[in-house]
Amino acid sequence: MKLQRKNRLRATALGALAVSGVLVLTACGSDDNAGSGGGDKTTAASNISCEGAQGKLLASGSSAQKNAMDLWVKNYMAACSGVEINYKSSSSGEGIVAFNQGTVGFAGSDSALKPDEVEESQKICKSGQGINLPMVGGPIALGYNLSGVDNLVLDAPTIAKIFNNKIKKWNDPAIAALNKNATLPDKQIQAFHRSEDSGTTQNLGKYLGATAKSEWPYEAEKKWPAPGGQAASGSSGVAAQVKQVDGAIGYFELSYATSQSIPTVSIATGAAAPVAATSENASKAIAAAKVVGTGKDLALELDYTTKAEGAYPIVLVTYEVVCDTGNKADTLSTVKSFLGYAASADGQKILTEHGYAPIPAEINAKVRETVAGLK
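Residues numbered from 1 in each chain as written. Predicted model: local features only at pLDDT ≥ 70, side-chain atom pairs only at ≥ 80, totals over all residues. Heavy atoms only, no water.

**A few points about the overall build of the protein**
Helix and strand counts for the protein stand at 12 helices and 13 strands. Looking at the protein as a whole, 54% of its 375 residues qualify as buried. When contacts within the protein are restricted to residue pairs at least 6 apart in sequence, those whose partners lie at least 24 apart make up 77%. Surface accessibility of the protein: about 15,200 Å² in total, with carbon and sulfur atoms responsible for 48%. (Helix = DSSP H or I, 4+ residues; strand = E, 2+ residues; numbered from the N terminus. Buried < 20%, exposed > 50% of the residue type's maximum accessible area, 1.4 Å probe, protein only. Contact = heavy atoms within 4.5 Å. Areas by Shrake-Rupley, 256 points an atom, 1.4 Å probe, with all protein chains shown as cover.)

Right under this line is the structure:
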């Protein structure tokens, strides 16, 4: 297949990223990571192959994977001298738009490409089309801020009613029935959702639609569908609002909760005990995922209705979206090198250490094979 004609990526002005500790994000809004690769190619991370990688690679999309991406970028640029990876954390919707406009080498999305997005991608992937490579897994945590309540339990119908503006007080009988040992205050619930198109929103909608259809009668789309509530930008923005507002609840990837010490809801799934939002519990749910994509596309189908013991049901998988063939010639080698590291044993190992869930081994093997064969 012919590679797409070289195009120089137009660099956009990107905000500086402040990194500390394990690179957890604490500020509101969209952020980026940029820098220059440094150090020897072999001593910094001997298992990272930098072959063919060069120059700057722009990428954007899912904010749910931002903390994982920060770690990967740091390790990769330390190993690959002279290479710069710049991932703009915005939203899944914005990432896909940027990919289909040809302004990024790959995009991150918490939902697989829809048929119309695949068709649009063929204009950029001249000899192929966009495909989904599952790279990051993890729980969508429901973080809350409620003084005196440390172990909040909710079930799917109650969560749906809260975010659908049907349950408005924390001492509502439905919440009280699930938390008999808690002292729930007579306080207004402040429910926060994403302001922009978001794959995290869509995955939460898939869970609620599968488990509480009568209370959540909406199609699972990236745009927030329900009335009421308050909006914030990015997972970081929602987490920041929950952290600040007494009586708040919101949804975001787990590392945003752990980094800011935000308590999270345990889900009553019908299993013997409520299930906490942990990477281990999310892994139990993701392990049952099935590949439903065709050809080189590795889109997954998740079971949001699981009642397996210890399986946390509100999970997402973030895909890196690339062309199967027709990738830009000037960034193809860097895309393959960087995503090859992300999908490697070392790249996946650090996910567990930072609140994410690695992709199941059998699926991950297919990801590595597909990355190596990109053209």
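Let's pick the thread back up.
**Considerations on the pairing of strand β13 (residues 315–323)**
Of all 9 residues making up β13, 9 are buried, and the element is well covered by its neighbours. Burial along β13 is two-sided: the face carrying Val315, Val317, Tyr319, Val321 and Cys323 and the face carrying Leu316, Thr318, Glu320 and Val322 are both buried. Direction of pairing for strand β4 (residues 106–109) relative to β13: antiparallel, over a ladder of 3 bridges. Note on β13: the bridge partner recorded for Ala107 is Val321. When strand β5 (residues 130–144) meets β13, the two strands line up antiparallel, connected through 9 bridges. Note on β13: the bridge partner recorded for Gly130 is Cys323. (Pairing = 2+ DSSP bridges.)

**Remarks on the environment of Ala141**
Structurally, Ala141 can be placed in strand β5. For the pair formed by Ala141 and Thr258, sequence separation is 117 residues and the distance between their alpha carbons is 9.9 Å.

**A word on the packing of helix α1 (residues 66–79) against helix α10 (residues 332–342)**
At a minimum axis distance of 10 Å, the contact between α1 and α10 shows a crossing angle of 115°. For the pair α1 and α10, the sense of crossing is right-handed. Taken together, the residues of α10 that come into contact with α1 (itself represented by Met69, Trp72, Val73, Asn75 and Tyr76) are Thr334, Ser337, Phe338, Tyr341 and Ala342. Among the residues forming the contact of α1 with α10, the class breakdown is 7 nonpolar, 3 polar and no charged. (Axes fitted to C-alpha atoms, helices over the stretch in contact; angles between N-to-C directions. Left-handed = near helix turned anticlockwise from the far one by under 90°. Nonpolar A, V, L, I, M, F, W, Y, C, P; charged D, E, K, R; others polar.)

**Details of the environment of Ala191**
Counting through the fold element by element, Ala191 comes out in strand β7 (residues 190–194). Sequence-wise, Ala191 and Asn165 are 26 residues apart; in three dimensions their C-alpha atoms are separated by 8.3 Å. Filtering out sequence-adjacent residues up to four positions away, Ala191 remains in contact with Ile162, Phe163, Gly229, Gln230 and Ile249.

**Regarding the pairing of strand β9 (residues 248–253)**
For β9, the tally of buried residues reaches 6 of 6 residues, placing the bulk of the element in the interior. As judged from the 5 bridges shared by β5 and β9, these two strands associate in the antiparallel manner. Counted as the bridge partner of Tyr144 is Ile249 from β9.

**Overview of the state of the cysteines**
Using the criterion set out here, one finds 2 disulfides in the structure. Here Cys125 pairs with Cys323 through a disulfide, and the sulfurs are 1.9 Å apart. Handedness here is read from the sign of the S-S torsion; for Cys125 and Cys323, about -75°, the answer is left-handed. Here the residue Cys125 occupies a position in the loop between α3 (115–121) and β5, and Cys323 occupies one in strand β13, the gap between them amounting to 198 residues. Neither Cys125 nor Cys323 differs from the other in exposure class; each is buried. (Disulfide = S-S within 2.5 Å.)

**A short note on the nonpolar core**
With 62 residues, the main nonpolar core has Leu152, Ile159, Phe163, Ile175, Tyr207, Ile249 and Ile314 as its most contacted residues. For this core, the element with the most residues is helix α4 (residues 156–163), which contributes 5 residues. Apart from the residues lying within four places of it in its own chain, the contact partners of Ile249 are Gly143, Tyr144, Leu154, Ile162, Phe163, Trp170, Ile189, Gln190, Ala191, Phe192, Val242 and Val265. Core analysis: the second largest hydrophobic core is formed by 37 residues, Ile48, Met69, Ala79 and Val83 among them. (Core = buried A, V, L, I, M, F, W, Y, C linked by side-chain atoms within 4.5 Å.)

**Examining the confidence of the model for the protein**
Of all residues in the protein, 88% have pLDDT values of 70 or greater, and the mean over the chain is 89. For the stretch residues 1–44, pLDDT sits under 50, and the model shows 106 contacts to residues farther than four places along the chain or on other chains. (pLDDT = per-residue confidence, 0-100.)

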